[in-house]
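Coordinate inspection notes
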Amino acid sequence: MDAMPRWIAALVVMLLLPVVGQAQPVLNIYNWSDYIDPYVVQRFTAETGIRVRYDVFDSLETLEGKLSAGRSGYDLVVPTSEPTFARLVRAGALRPLDRARIPNWANLDPALMARAAAVDPGNRHGAIYLWGTVGMGIRPDRVRVLAPDATMDGLALLLDPRHAQRLSRCGIQVMDSATDVIPSVLRHLGLDPNTDSAEDLRAAERALLAIRPFVRAILPSGSVLDALATGDVCLALTYSGDVIQASARAREAGRGVEVAYVAPRAGAQLWFDMLAIPADAPNPEAAEAFIDFVLRPPVMATITTHVRYPNAVPAARALVSEGVRNDPSVYPTEATLAASFVATTPSQATERLRTRLWSRFKAGR
Ligand code: N2P
């Protein structure tokens with residue numbers, strides 16, 4: 001056969017390219033920042049031909065704002081089981097998953113999934129992605145020098161104004177999330193973390209206002225992670241794996257910044273993040289393909305190794321890098337788990353009180 005003149009071949013390719021490009025399916029993911037190994041996304045595209053558009057958020061409040069407006073355009077989102085995922089399920093904002101398209105569902109830990117079933121009967125709308133606790137990132141050397149009489153295992157480091165005042169010299173930050181901070185404060189005060197009592201919430205407000213002058217900034221969790229990693233702060237209240245990632249980054253930078261994670265001994269908030277599909281997702285099949293992909297043990301192990309949060313796939317555990325697998329800050333100890341609590345979904349009235357409390361804390365009055 002005669003070779004087609006080169007210019008004709010080039011023209012054909014040019015004309016076809018946009019068509020092929022359009023036909024390639026796209027998966028729109030909205031996930032937490034610093035919450036995946038980018039290599040996993042690349043591999044997914046290489047295997048399936050599905051292109052991924054990947055956006056990030058770093059607080060539950062931002063996620064819920066986006067989703068409750070509807071038509072987010074996302075195919076896959078990652079809300080925390082309570083309260084956000086629970087509210088989305090109740091509002092009919094999520095699409096039931098087609099398990100036939102997710103054979104790796106069988107890899108999920110039934111005991112952990114049973115916890116999520118409390119707000120999603122039959123686990124119809126979500127699979128656990130990763131989980132963790134809320135606690136403190138600290139620079140132990142700084143804390144030892146500035147607050148030598150403080151014990152380093154509890155929230156007193158932050159919530160006792162005497163300690164906070166001294167530690168303000170090396171910098172304190174709190175993540176900007178009423179949902180993920182207020183319950184831990186209540187627990188530290190010996191109150192029910194899920195209380196509906198206005199009086200309890202006033203006590204939490206007083207505790208937070210008392211340390212407000214010593215808190216340098218209240219920022220979304222992604223910024224808190226950065227500040228911990230650079231050593232800009234010596235005390236921060238945020239998510240467990242974010243602290244451990246910051247600690248690893250600080251070590252790699254080699255400038256002598258040591259960061260440690262502290263799960264409050266009085267009881268850490270335990271949370272589970274869910275892979276879920278919005279009811280109006282443009283491409284739910286692609287989202288199901290992605291869920292199935294990450295539920296493969298080797299893929300899930302790569303994610304945990306990279307982001308330092310435990311997952312809900314027991315067969316992945318042995319494949320996680322040894323340092324991460326044996327780190328008691330990543331996989332909480334029995335003692336931490338036994339003392340931990342899980343947030344429930346507050347009533348609307350409580351939600352309003354919490355929101356008001358939080359804006360007063362941020363404003364400092
Ligand atoms: C990742 C934040 C973890 C999610 N940067 C907290 N639910």
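Here the structure is shown first, and the text comes after it.
Everything in this summary refers to the structure shown in the same document.

The rules behind the values
- Residues numbered from 1 in each chain as written.
- Predicted model: local features only at pLDDT ≥ 70, side-chain atom pairs only at ≥ 80, totals over all residues.
- Heavy atoms only, no water.
- Helix = DSSP H or I, 4+ residues; strand = E, 2+ residues; numbered from the N terminus.
- Rg over C-alpha atoms; globule rule 2.2 N^0.38 Å.
- Contact = heavy atoms within 4.5 Å.
- Lys, Arg positive; Asp, Glu negative; His and termini not counted.
- Charge placed at Lys NZ, Arg CZ, Asp CG, Glu CD.
- 1 Å grid on protein atoms, 1.4 Å probe; cavity = no way out; pocket = protein on both sides within 12 Å on 5 of 7 lines; lining within 4 Å.
- Points joined across faces, edges and corners; volume = space filled by probe spheres on them.
- Nonpolar A, V, L, I, M, F, W, Y, C, P; charged D, E, K, R; others polar.
- Buried < 20%, exposed > 50% of the residue type's maximum accessible area, 1.4 Å probe, protein only.
- Arc of directions from axis to C-beta.
- Near = heavy atom within 4 Å.
- Polar contact = N/O pair within 3.5 Å; in protein donor to acceptor, adjacent residues only side chain to side chain.
- Areas by Shrake-Rupley, 256 points an atom, 1.4 Å probe, with all protein chains shown as cover.
- Sits in = over half its atoms within 2 Å of the grid points.
- Disulfide = S-S within 2.5 Å.
- Salt bridge = Lys/Arg side-chain N within 4 Å of Asp/Glu carboxyl O.
- Axes fitted to C-alpha atoms, helices over the stretch in contact; angles between N-to-C directions.
- Parallel < 35°, antiparallel > 145°, perpendicular 65-115°, else oblique.

Let us look at the overall build of the chain. Along its length, the chain carries 17 helices and ten strands. Rg of the C-alpha trace for the chain: 23 Å, near the compact-globule value of 21 Å for 365 residues, within the 12% margin. Summarising its shape, the C-alpha atoms of the chain cover approximately 85 × 45 × 40 Å along the three principal directions. Here the analysis covers contacts within the chain between residues at least 6 apart in sequence; of these, 74% occur between residues at least 24 apart. Across the chain, the mean location of the 38 positive side-chain charges is 4 Å away from that of the 38 negative side-chain charges.

We now examine empty space enclosed by the protein. One pass over the structure, following the stated rule, counts two cavities of 30 Å³ or more. Looking at the largest cavity, its volume works out to about 80 Å³. Lining the largest cavity, in full, are Trp32, Ser33, Tyr35, Thr80, Asp180, Ser221, Tyr239, Asp242, Trp271, Asp273 and Tyr309. Tallied by class, residues from the lining of the largest cavity come to five nonpolar, three polar and three charged.

We now examine helix α2 (residues 38-48). Every buried residue belonging to α2 is among Val40, Val41 and Phe44, and all of these are buried. Down the axis of α2, the buried set is contained in an arc of 100°. They therefore lie on one face. The exposed residues of α2 that point more than 90 degrees off its buried face are Gln42 and Ala46. Where α2 is buried, its residues contact β1 (26-32), β2 (51-57), α13 (284-294) and α14 (297-307). Gly49 sits one or two positions beyond α2 and adopts a positive phi of about 80°.

Trp32, Ser33, Asp34, Tyr35, Thr80, Tyr239, Asp242, Trp271, Asp273 and Tyr309 make up every residue found near the ligand. Here Ser33 contributes a backbone N or O atom positioned 2.6 Å from a nitrogen atom of the ligand. With respect to the ligand, the side chain of Asp242 contributes an N or O atom lying 2.9 Å from a nitrogen atom. When the ligand is considered free in solution it has 260 Å² of accessible area, and contact with the protein chains removes 100% of it. Counting atoms within 2 Å of the grid points, the majority share of the ligand lands in the largest cavity. Counted by class, the shell around the ligand contains five nonpolar, two polar and three charged residues.

Glancing now at unusual backbone geometry. With an omega of 5°, the peptide bond between Glu82 and Pro83 qualifies as cis. Inspection of the secondary structure assignment puts Pro83 in helix α4 (residues 81-90). A positive phi angle is found at Asp34, which is not glycine, with a value near 50°. Located in the positive-phi region is Asn123, a residue other than glycine, with phi close to 50°. In this fold, Asn123 is placed in the loop between α5 (110-117) and β4 (127-138). According to the relative accessible area criterion, Asn123 is buried, its value standing at 11%.

This next bit is on the state of the cysteines. In protein structure, a disulfide is the covalent linkage between the sulfur atoms of two cysteines. This model, assessed by the stated rule, comprises one disulfide. The disulfide partner of Cys170 is Cys234, and the gap between their sulfur atoms is 1.9 Å. Since a negative S-S torsion denotes a left-handed disulfide, the Cys170-Cys234 link at about 65° is right-handed. Of the two residues, Cys170 sits in the loop between α8 (161-167) and β5 (172-175) while Cys234 sits in the loop between α11 (221-230) and β7 (235-239), which places them 64 residues apart along the sequence. The exposure classification of Cys170 matches that of Cys234, with both residues buried.

Another aspect to go through is the side chain of Arg354. The residue Arg354 is located in helix α17 (residues 348-363) in this model. Despite its burial, Arg354 remains without a salt bridge, the nearest opposite charge being carried by Glu351 at 5.3 Å.

As a further point, take the pattern of salt bridges. Per the stated rule, a full pass over the model turns up 14 salt bridges. The shortest N-O distance in the salt bridge between Arg296 and Glu47 comes to 2.9 Å. Here Arg296, found in the loop between α13 and α14, pairs with Glu47, found in helix α2; they are 249 residues apart in sequence, far enough to count as distant. A residue is classified by how much of its surface remains accessible, and Glu47, at 40% relative accessible area, is partly exposed.

Take the packing of helix α9 (residues 178-188) against α17 next. At their nearest, the axes of α9 and α17 sit 10 Å apart, and the two run at 90° to each other. The angle between the axes of α9 and α17 places the two elements in the roughly perpendicular class. Packed against α9, whose contacting residues are Ala178, Thr179, Val181, Ile182 and Pro183, the element α17 presents Arg354, Leu357 and Trp358 at the interface. Its residues assigned to classes, the contact of α9 with α17 shows six nonpolar, one polar and one charged.

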